[in-house]
Amino acid sequence: MSPVAKCYRKLTKEPITAHSKELIVDVQNKLINKDPIHRSVYVLDKQKKLIGIITLNELMKIIAVRKGITTPKAMSINRLFTFISEDTKAEDIMCSPISVKLTDTLEEAFELMLIHDLQELPVVDEANSVIGDLNVFELLREINDKILK
């Protein structure tokens with residue numbers, strides 16, 4: 001199977017990133033105002049290393065809670081307060097970082113997306129700095145081309 005390097009910049013040229021202390025409303029605006037192909041924001045520390053991921057689904061939950069829309073899963077009181085707070089920062093809601101490197105195979109990336117229910121993955125270098133992202137559409141196109149050949 002092909003490496004991630006072969007197809008990771010065909011749709012998304014530049015990933016969306018946020019600093020860990022950035023307010024969630026600013027993170028939300030970054031995602032909303034970019035190309036709608038993006039499904040995640042990658043959270044970076046002061047050294048610009050990947051420390052977490054905020055998915056579009058997580059942002060949708062925050063908006064739902066703030067608008068009083070019922071979410072399908074029950075949340076703890078702490079989680080509800082975090083979602084309601086105007087001071088919520090990226091680090092408060094980010095998930096653990098899951099990433100791929102240029103040399104990883106598309107099969108490995110596909111498996112990570114399935115296991116962690118993600119639609120894109122950050123591509124990192126050896127220093128764990130985000131250098132791009134692999135969108136599920138890029139991955140599926142490449143896999144589909146291999147299957148049909």
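One can find the structure itself at the top, above this paragraph.
Residues numbered from 1 in each chain as written. Predicted model: local features only at pLDDT ≥ 70, side-chain atom pairs only at ≥ 80, totals over all residues. Heavy atoms only, no water.

### Examining the overall build of the chain
Inference 1: Assigned secondary structure in the chain consists of 6 helices and 6 strands.
Inference 2: For the chain, the N- to C-terminal ordering of α and β elements is β-α-β-β-α-α-α-β-α-β-β-α.
Inference 3: With 149 residues in all, the chain has 39% of them scored as buried.
Inference 4: For the chain, the exposed area adds up to about 8600 Å²; of that, 55% sits on carbon and sulfur atoms. (Helix = DSSP H or I, 4+ residues; strand = E, 2+ residues; numbered from the N terminus. Buried < 20%, exposed > 50% of the residue type's maximum accessible area, 1.4 Å probe, protein only. Areas by Shrake-Rupley, 256 points an atom, 1.4 Å probe, with all protein chains shown as cover.)

### Describing the side chain of Glu 138
Inference 1: Assignment of secondary structure puts Glu 138 in helix α6 (residues 136-148).
Inference 2: This buried residue, Glu 138, is left without a salt bridge; Lys 13 holds the nearest opposite charge, at 6.7 Å.
Inference 3: Separated by 3.0 Å, the side chain of Glu 138 and the backbone nitrogen of Lys 10 make a polar contact.
Inference 4: In this view, Glu 138 contacts Cys 7, Tyr 8, Arg 9, Lys 10, Leu 11, Thr 12 and Asp 133; residues no more than four positions away in its chain are not counted. (Lys, Arg positive; Asp, Glu negative; His and termini not counted. Salt bridge = Lys/Arg side-chain N within 4 Å of Asp/Glu carboxyl O. Polar contact = N/O pair within 3.5 Å; in protein donor to acceptor, adjacent residues only side chain to side chain. Contact = heavy atoms within 4.5 Å.)

### Examining the sheet that holds strand β1 (residues 17-19)
Inference 1: The strand order across the open sheet built from 3 strands is β1-β2-β3, with neighbouring strands paired in mixed fashion. Strand pairing shows two members of the sheet lacking a second neighbour, β1 and β3 (50-55), which therefore form its edges. Shown here is a sheet whose adjacent strand axes are inclined to one another by a mean of 30 degrees, direction ignored.
Inference 2: Note that strand β2 (residues 40-44) and β3 share 5 bridges and pair antiparallel. Among the inter-strand pairings, Val 41 is bridged to a residue of β3, identified as Ile 54. (Pairing = 2+ DSSP bridges. Axes fitted to C-alpha atoms, helices over the stretch in contact; angles between N-to-C directions.)

What is shown is where atoms sit, not what they do.
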